[in-house]
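If you want the building blocks of each chain, they are given just below.
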Amino acid sequence: MLNYFRNKQARIARSVPEDFVRGAYMQRLVSSNRLVGIIGQRGVGKTTLLLQYLKKHFKVHEFLYFSADDVYITDTKLYDIADEFSRLGGKVLVIDEIHKYNNWPQEIKNIYDSFPELIIRFSGSSMLNLLYEKYDLSRRCVTVSMDTLSFNEYLTLNRGDKLPILPLDDILAKGPDISLELALTHSNIYSDFKDYLIYGAYPFFREDKNEFKNKLFNALQKIINEDIPSCNRIDYSQISVFKKLIAKLIEARLPYKVNVSKLAQELGITHPTLNTYLEMLRESNLFRPIKKYTTKISKKPAKLLFGNTNILHAYSDEFGVEVNTGTVRETFFVSCFKDIYYSDVGDFRVKDIIFEIGGRNKTFKQLKDVKNSYLVVDTDYTTDSRKIPLWLFGMM
């Protein structure tokens, strides 16, 4: 059995690019923790990262890599594979797409407890939640959420430009100066940003940019048709509800204003079910629900956006709907932050800072007399201390 996996892993590993490594995630893999899981959306580069980790840090005979959906292990226990590998002196067991294997938490727990000399790494859907599994792995496992490429990472991967990662404080304090310097030293940076909005968030854009939207749409379909049902144990008949939600966002063109009662009625589901489904779409990174800033605690999102601009473009293209430029700008800006709220003043609030998003001719009319506020404008560079180019937030 192991010979089959070793031959297959050798073929796969040979084709893995090594010119670009997402260092922050690699550091988490090389930690001293015995059990580490990389979770994230399809296409973000989990498999590539795992194989880069193996090639860089171990000899071929020391590791075993395979995917949990391999037909060869349909009737085989992961424990039995680990047992044979361990008896032969194996050091590192890497299992890709772990969520495709039934009862995987129990198997991983048993492997972890039975073979203390084994290092275990796995990848899985962004919707994996170890706390909710019957066999609690949360005390044993370190999970790392892998995001899509930032604009900064895209520039490195696409052009080899290794630019510094900018903290938000630097962008707010020196945004105009930084944007001018980068625009002058990297003349294509603004046009590169426009390309990134369409196809730059996923590393597989390098394979074929012309087919990128089709490939991404197919990956999104698999998330809806396979990942969401398998990870959440919902009936496949409910998939149509998720597709209707996606259609509503596309047809609205603008950020979708959420009226929970009305939306639940239109979809023929209850309020709690709608909230659960929206949470699933958030965990899958397809949707980004944004709450309104308020002193009261609320679970209800005020508006819905897609998880990133590439998803927005892929679905718009598939539905034959023209993309709204303002929605693209807002979707990108939101994707740059973990914690962000809609605001009655301006567009968004991050911590105690107010941001208004717009085109290059946007004025401060809506931010008049608003302290600690900034205009985020879609342009290559700015000279006003309170105007910051939109693309610059992608350098964080």
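In this text, all values refer to a predicted model and were calculated from it rather than measured experimentally.

**Quick notes on the sheet that holds strand E8 (residues 303–306)**
Part 1 of the argument: Strands sit in the order E6-E8-E7 across an open sheet of three strands; the sheet is antiparallel. Across the chains shown, the open sheet's two edge strands, defined by having one partner strand only, are strand E6 (256–257) and strand E7 (287–290).
Part 2 of the argument: Its contacts with the sheet place helix H12 (residues 271–283) against E7 and E8, and it is angled at close to 120° to E7.

**Regarding the sheet that holds strand E1 (residues 35–40)**
Part 1 of the argument: Pairing is parallel across the open sheet formed by five strands, whose spatial order is E2-E3-E4-E1-E5. Looking along the sheet, the strands with just one partner apiece sit at the ends: strand E2 (63–67) and strand E5 (142–146). For this sheet, the mean inter-axis angle between neighbouring strands, taken without regard to orientation, is 15°.
Part 2 of the argument: Relative to strand E3 (residues 92–96), E2 runs parallel, the two sharing five bridges.

**Considerations on the layout of surface pockets**
Part 1 of the argument: Size it by volume and the second largest pocket reaches roughly 760 Å³.
Part 2 of the argument: Elements with a contribution of two residues or more to the lining of the second largest pocket: helix H3 (46–57) and helix H9 (212–232).
Part 3 of the argument: Here the element with the most residues in the lining of the second largest pocket is H3; it accounts for six residues.
Part 4 of the argument: Here the residues of the lining of the second largest pocket are counted per class, giving 13 nonpolar, seven polar and nine charged.

**Examining the side chain of Ser179**
Part 1 of the argument: Looking at the secondary structure, you find Ser179 in helix H7 (residues 168–185).
Part 2 of the argument: Overall, Ser179 belongs to the buried group, its relative accessible area being 0%.
Part 3 of the argument: Setting aside anything within four residues of it in sequence, one finds Ser179 in contact with Asp380, Tyr381, Thr382, Pro389, Trp391 and Leu392.

**Topic: the pattern of salt bridges**
Two side chains that carry opposite charge are able to pair once their charged atoms sit near each other.
Part 1 of the argument: Scanning all chains against the criterion turns up 22 salt bridges.
Part 2 of the argument: With a closest N to O distance of 3.1 Å, Arg206 and Asp19 form a salt bridge. Of this pair, Arg206 sits in the loop between helix H8 (189–199) and H9 while Asp19 sits in the loop between helix H1 (2–14) and helix H2 (23–29), and the two are 187 residues apart along the sequence.
Part 3 of the argument: Its relative accessible area of 57% is what places Asp19 among the exposed residues.
Part 4 of the argument: Between Asp113 and Arg140 there is a salt bridge whose closest N-O contact spans 3.3 Å. With Asp113 in helix H5 (residues 104–114) and Arg140 in the loop between strand E4 (119–124) and E5, the pair connects residues that are 27 residues apart, well separated along the chain.
Part 5 of the argument: On the basis of relative accessible area, Arg140 is assigned to the buried category, the value being 18%.
Part 6 of the argument: A single salt-bridge network, built from bridges that share partners, covers Arg42, Lys222, Glu226 and Asp227.

**Some remarks on H9**
Part 1 of the argument: Compared with an ideal rise of 1.5 Å per residue, which puts 21 residues at 30 Å, H9 spans 28 Å between its outermost C-alpha atoms and is within 8% of the ideal.
Part 2 of the argument: Bending of H9 peaks at approximately 40° at the position of Ile223.
Part 3 of the argument: Looking at H9, one finds that the buried residues are Phe212, Leu216, Phe217, Ala219, Leu220, Ile223, Ile224, Asp227, Ile228, Pro229 and Cys231.
Part 4 of the argument: Summarising the contacts, the buried residues of H9 are in contact with H8, helix H10 (239–252), H12 and helix H13 (309–319).
Part 5 of the argument: In the stretch just after H9, Arg233 is the one whose phi turns positive, near 55°.

**Examining the packing of H13 against helix H14 (residues 325–335)**
Part 1 of the argument: Direction vectors running N to C along H13 and H14 enclose 145°, while the axes themselves pass 9 Å from each other. Contact with H13, carried on its side by Thr309, Leu312 and His313, involves Thr327, Val328, Thr331 and Phe332 of H14 and no other residues of that element.
Part 2 of the argument: Looking at the contact of H13 with H14, its residues break down into three nonpolar, four polar and no charged.

**A closer look at unusual backbone geometry**
Part 1 of the argument: The phi dihedral of Glu97 is positive, around 55°, even though this residue is not glycine.
Part 2 of the argument: Among the structural elements, Glu97 can be located in the loop between E3 and H5.
Part 3 of the argument: Although it is not a glycine, Asn372 adopts a positive phi angle of roughly 55°.
Part 4 of the argument: Relative to the elements of secondary structure, Asn372 occurs in the loop between strand E11 (353–359) and strand E12 (373–378).
Part 5 of the argument: Asn372 gets classed as partly exposed once you look at its relative accessible area, which sits at 36%.

**Observations regarding the nonpolar core**
Part 1 of the argument: Counting 128 residues, the largest nonpolar core has Phe287, Phe333 and Phe355 as its most contacted members.
Part 2 of the argument: Residue contributions to this core peak at eight residues, all from H9.
Part 3 of the argument: Leave out the neighbours within four places in its chain, and Phe287 touches Leu245, Ile246, Leu249, Leu278, Leu281, Arg282, Leu304, Leu305, Phe306 and Gly307.

**Considerations on the confidence of the model for the protein**
Part 1 of the argument: Chain-level pLDDT for the protein is 92 on average; 97% of the residues reach the 70-or-more range.
Part 2 of the argument: By mean pLDDT, the top-scoring element of the protein is H8 (98), and the lowest-scoring one is H1 (88).

**Remarks on the packing of aromatic side chains**
Between two aromatic rings, the relevant description is the distance of the centres plus the angle of the planes.
Part 1 of the argument: A complete count under the given rule lists 36 aromatic pairs for this structure.
Part 2 of the argument: With centroids separated by 5.3 Å and ring planes inclined at 40°, the aromatic side chains of Tyr79 and Phe115 adopt a geometry described as tilted. Taken as a pair, Tyr79 in helix H4 (residues 78–87) and Phe115 in the loop between H5 and E4 lie far apart in primary sequence, 36 residues in all.
Part 3 of the argument: Its relative accessible area of 27% is what places Tyr79 among the partly exposed residues.

Each value, and the rule that gives it
- Residues numbered from 1 in each chain as written.
- Predicted model: local features only at pLDDT ≥ 70, side-chain atom pairs only at ≥ 80, totals over all residues.
- Heavy atoms only, no water.
- Pairing = 2+ DSSP bridges.
- Helix = DSSP H or I, 4+ residues; strand = E, 2+ residues; numbered from the N terminus.
- Contact = heavy atoms within 4.5 Å.
- Axes fitted to C-alpha atoms, helices over the stretch in contact; angles between N-to-C directions.
- 1 Å grid on protein atoms, 1.4 Å probe; cavity = no way out; pocket = protein on both sides within 12 Å on 5 of 7 lines; lining within 4 Å.
- Points joined across faces, edges and corners; volume = space filled by probe spheres on them.
- Nonpolar A, V, L, I, M, F, W, Y, C, P; charged D, E, K, R; others polar.
- Buried < 20%, exposed > 50% of the residue type's maximum accessible area, 1.4 Å probe, protein only.
- Salt bridge = Lys/Arg side-chain N within 4 Å of Asp/Glu carboxyl O.
- Expected span 1.5 Å × (residues − 1).
- Bend = angle between axes of the 7 residues up to and from the residue.
- Core = buried A, V, L, I, M, F, W, Y, C linked by side-chain atoms within 4.5 Å.
- pLDDT = per-residue confidence, 0-100.
- Phe/Tyr/Trp six-rings, centres within 6.5 Å; stacked < 30°, edge-to-face > 60°.

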